[in-house]
Amino acid sequence: MSLNCDIVKDLVALYHDGVASEASVAEVKAHLKECKSCRNYYKLYRLSAPPTLNYNFTATGNYGELAKHMRVRRLWMLVAALSYVSASICALIMLILRIKRK
Ligand SMILES: [Zn+2]
């Protein structure tokens, strides 16, 4: 037993959720095989723990898709800004024409 029981009890949550490092998993597994107290703790933990979330820690995020989405959004914001400016210019011209008519 290389890890002490307190450390194993701290790592049990990470081990259970599958987010512990390979080294931690190996150490916790080895400890659980040999230590009855920690094994019982882990059994109780499994019964009381919420269902594990399916974390996806792979770094293969779809950045190309995100960049495309941001480009499209930027384009729409540009179109909206140009529309606002041209509508303001039209309103100003109409106001000037109305003032001149009087
Ligand atoms: Zn132990």
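Residues numbered from 1 in each chain as written. Predicted model: local features only at pLDDT ≥ 70, side-chain atom pairs only at ≥ 80, totals over all residues. Heavy atoms only, no water.

Student: Which residues make up the coordination of the zinc ion, and what values go with them?
Tutor: Looking at the metal site, the zinc ion is ligated by Cys5 (SG), His31 (NE2), Cys35 (SG) and Cys38 (SG), spaced 2.0 to 2.3 Å from it. If you look at the zinc ion, its 4 donor atoms make angles of 99 to 115 degrees with each other, and the shape they trace is tetrahedral. Written as a sequence motif, the donor arrangement for the zinc ion is C-x25-H-x3-C-x2-C. (Donors = N, O, S within 2.8 Å, 3.2 Å for Na, K, Ca; no water. Tetrahedral: all angles 85-135°; square planar, octahedral: opposite > 155°, others 65-115°.)

Student: Quick one: what's the story with the nonpolar core, residue by residue and with numbers?
Tutor: In this structure, Leu3, Val8, Leu11, Val12, Tyr15, Val28, Leu32, Cys35, Cys38 and Tyr42 together form the largest nonpolar core, which totals 10 residues. Counting only elements with at least two residues in this core, the list comes to helix H1 (5-17), helix H2 (22-34) and helix H3 (36-48). For this core, the leading source of residues is H1, giving 4 residues. When residues no more than four places from it in sequence are discounted, the contact partners of valine 8 are Leu3, Val28, His31, Leu32 and Cys38. (Core = buried A, V, L, I, M, F, W, Y, C linked by side-chain atoms within 4.5 Å. Buried < 20%, exposed > 50% of the residue type's maximum accessible area, 1.4 Å probe, protein only. Helix = DSSP H or I, 4+ residues; strand = E, 2+ residues; numbered from the N terminus. Contact = heavy atoms within 4.5 Å.)

Student: Hey, could you go over the packing of H1 against H2 for me, with residue numbers and the actual values?
Tutor: Closest axis-to-axis distance for the H1/H2 pair is 10 Å, and the angle between their directions is 120 degrees. It follows that H1 is oblique to H2 by the angle criterion. Handedness of the crossing formed by H1 with H2: left-handed. Within the contact between the two elements, H1 uses Cys5, Val8, Leu11 and Tyr15 and H2 uses Ser24, Val25, Val28, Lys29, His31 and Leu32. Within the contact of H1 with H2, the residues separate by chemical class into 7 nonpolar, 2 polar and 1 charged. (Axes fitted to C-alpha atoms, helices over the stretch in contact; angles between N-to-C directions. Parallel < 35°, antiparallel > 145°, perpendicular 65-115°, else oblique. Left-handed = near helix turned anticlockwise from the far one by under 90°. Nonpolar A, V, L, I, M, F, W, Y, C, P; charged D, E, K, R; others polar.)

Student: Can you tell me about a positive patch on the surface, naming the residues and giving the values?
Tutor: The grouping of Lys36, Arg39, Lys43 and Arg46 at the surface amounts to a positive patch. If you trace the backbone, lysine 43 turns up in helix H3. Note on lysine 43: relative accessible area 46%, which makes it partly exposed. (Patch = residues over 30% accessible without salt bridge, like charges linked within 9 Å, V, L, I, M, F, W, Y side chains within 5 Å. Areas by Shrake-Rupley, 256 points an atom, 1.4 Å probe, with all protein chains shown as cover. Salt bridge = Lys/Arg side-chain N within 4 Å of Asp/Glu carboxyl O. Lys, Arg positive; Asp, Glu negative; His and termini not counted. Charge placed at Lys NZ, Arg CZ, Asp CG, Glu CD.)

Student: Residue-level account of a nonpolar patch on the surface, with values.
Tutor: Judged by side-chain polarity, Val72, Leu75, Trp76, Leu78, Val79 and Leu82 come together as a nonpolar surface patch covering roughly 620 Å² of accessible area. Along the chain, valine 72 falls in helix H4 (residues 63-101). Classification of valine 72 as partly exposed rests on a relative accessible area of 40%.

Student: Describe the packing of aromatic side chains, and please don't skip the residues or the numbers.
Tutor: In this structure the tally under the stated criterion is 1 aromatic pair. With a centroid separation of 5.4 Å and an interplanar angle of 65 degrees, the aromatic rings of tyrosine 15 and tyrosine 42 are classed as edge-to-face. Here the residue tyrosine 15 occupies a position in helix H1, and tyrosine 42 occupies one in helix H3, the gap between them amounting to 27 residues. Take tyrosine 15 and tyrosine 42: they sit in the same class, and that class is buried. Sitting over the face of the ring of tyrosine 41, lysine 9 holds its NZ or CZ atom 5.5 Å from the ring centroid. (Phe/Tyr/Trp six-rings, centres within 6.5 Å; stacked < 30°, edge-to-face > 60°. Lys NZ or Arg CZ within 6 Å of the ring centre and 35° of its normal.)

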